[in-house]
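Below are the chains, spelled out letter by letter.
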Amino acid sequence: MAILPITISGEPVLHRVSDPVTEFDDELRQLVADMFETCKAAPGVGLAAPQVGVGLQVFVWDYADQDDAPAQGVAINPTLWLSPAEPGDPDPHTEVEGCLSFPGERFALRRSERAWLQAQDINGEPFEIKTSGWFARILQHEYDHLQGYLYVDRLLDLEYREAQRAKRKNKWGKPGLTWLPGVDNLEG
Ligand code: ZN
């Protein structure tokens, strides 16, 4: 297994729709093993393939604080259904999100409370997860990555402007930027 460099906002693979997985082979197993290793090292609660420069419909999670799924898992070619998000502004204390591809920054974002994931596992077998709360948020965040969205793309008003300012300040938003967990000391 290897820790992979994590792509930063501006890398094109983060901003386009990822391709479906068609081959459930050793190459895919290696990618998923490396993604778990990288997610753990970051550390993060989830990681999508575009975040390691691979434009495939794959994400992993590493989040034990829920009862609806194994603490670690991989979702391949996922579909996600959501309950309608509550109207109103997100709570800046309880709805704050971060992203390893927008490292060191955190912004409040309203998400749907409940999510229903259908996907394939590493062997191509279908499975589903119904969940709510923070794990539902993680699934929405990782699923977004496979559609070419970062959570900062969904921010509104002041939070959006602050994220854009952070992007300029960090000189992100151009191709080729990465950071390496365990070497570069960033978090998010
Ligand atoms: Zn992310």
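Our structure is the block above this text.
Quick look at the structure, then. All residue numbers refer to positions counted from 1 along the written sequence of the respective chain. Where local features are concerned, this predicted model is filtered to residues with pLDDT of at least 70; where side-chain atom pairs are given and counted, the filter is 80 or more; whole-chain, interface and lining totals use all residues. Side-chain numbers come from the whole structure's heavy atoms, not from hydrogens or water.

### A short note on the sheet that holds strand β7 (residues 114-120)
In a beta sheet, neighbouring strands pair by backbone hydrogen bonds and run either parallel or antiparallel. The line we're drawing: Should DSSP find at least two bridges between two strands, the strands are regarded as paired. Here a strand is any run of E in DSSP of at least two residues, a helix any run of H or I of at least four, and the numbering for each starts at the N terminus. Geometry is summarised by axes, namely lines fitted to C-alpha atoms with helices restricted to the contacting stretch, and by angles between N-to-C directions that run from 0 to 180 degrees. Whether two residues touch is decided by their heavy atoms; if any such pair falls within 4.5 Å, the residues are in contact.
Reading across from one edge, β2-β3-β4-β7-β8 is the order of the 5 strands in this open sheet, with antiparallel pairing throughout. In the strand order of this sheet, the two ends are held by β2 (46-48) and β8 (126-132), each with one partner. Each adjacent strand pair in this sheet contributes to an overall mean axis angle of 40°, direction not counted. Two elements, β2 and strand β3 (residues 58-62), share 3 bridges in a ladder whose sense is antiparallel. Across the sheet, residue A48 finds its bridge partner in β3, namely F59. Against the sheet, helix α1 (residues 26-41) makes contact with β2, β3 and β4 (72-82), and its axis sits at roughly 40° relative to β3, the strand it touches most.

### Points about unusual backbone geometry
In this structure, P43 follows A42 across a cis peptide bond, with omega equal to -10°. Examined against the element boundaries, P43 turns out to sit in the loop between α1 and β2. Unlike most non-glycine residues, N77 shows phi in positive territory, near 50°. Within the element layout of this structure, N77 appears in strand β4. We note that D157 has phi near 50°; this positive angle belongs to a residue other than glycine. Tracing the sequence through the fold places D157 in helix α3 (residues 157-169).

### What about the coordination of the zinc ion?
The expected angle between donors at a tetrahedral four-coordinate metal is 109.5 degrees. At an octahedral six-coordinate metal it is 90 or 180 degrees. To keep things clear, this is the line we draw: Counted as donors are the N, O and S atoms within 2.8 Å of the metal, or 3.2 Å for Na, K and Ca, while water is not among the atoms, so some sites may look incomplete. For each residue, the accessible area found with a 1.4 Å probe, counting protein chains only, is set against the maximum for its type, and the residue is called buried under 20%, exposed over 50%, and partly exposed in between.
Here the zinc ion is held by the protein donor atoms C99 (SG), H141 (NE2) and H145 (NE2), which lie 2.1 to 2.2 Å from it. Written as a sequence motif, the donor arrangement for the zinc ion is C-x41-H-x3-H. Taken together, the positions of C99 in the loop between β5 (96-98) and β6 (106-108) and H145 in helix α2 (residues 133-146) put the pair 46 residues apart, joining distant regions of the chain. Of the two residues, C99 and H145, both sit in the buried class.

### Points about the packing of aromatic side chains
Put simply, the rule is: Note on aromatic pairs: the rings of Phe, Tyr and Trp (six-membered ring only in Trp) are paired at centre separations within 6.5 Å, and the planes decide the class, stacked below 30 degrees, edge-to-face beyond 60, tilted for the rest.
In this structure the tally under the stated criterion is 4 aromatic pairs. Summarising the aromatic geometry, the rings of W81 and W116 are spaced 5.1 Å apart at their centres and angled 35° between planes, so their arrangement reads as tilted. Taken together, the positions of W81 in strand β4 and W116 in strand β7 put the pair 35 residues apart, joining distant regions of the chain. Judged by relative accessible area, which is 30%, W116 ranks as partly exposed.

### Considering α1
As a reminder of what qualifies: One less than the residue count of a helix, multiplied by 1.5 Å, gives the span that helix is expected to have.
Over its 16 residues, α1 runs 22 Å from end to end, which matches the ideal 22 Å to within 8%, given 1.5 Å per residue. Inspection of α1 places L28, L31, V32, D34, M35, F36, T38 and C39 among the buried residues, and these make up the whole buried set. Residues of α1 that are buried make contact with β1 (6-7), β2, β3 and β4.

### Here's the deal with the nonpolar core
How we decide: What we call a nonpolar core is a set of buried Ala, Val, Leu, Ile, Met, Phe, Trp, Tyr and Cys residues that are connected through their side-chain atoms within 4.5 Å.
In terms of nonpolar packing, the biggest core is built from 33 residues, with V58 and F102 touching the most fellow members. Among the secondary structure elements, those contributing two or more residues to this core are α1, β3, β4 and α3. Beyond its immediate stretch of four places on either side in the chain, V58 contacts V21, L28, V32, M35, A48, A49, V74, A75, I76 and L146. Counting 17 residues, the second largest nonpolar core, distinct from the first, contains F59, A115, F135 and Y143.

### Overview of the pairing of β4
Sheet topology note: the β3/β4 ladder contains 5 bridges and is antiparallel. Note that in β4 the partner of V58 across the bridge is I76. Bridging between β4 and β7 involves 5 bridges; their strand directions are antiparallel. Bridge pairing links W81 to W116 in β7.

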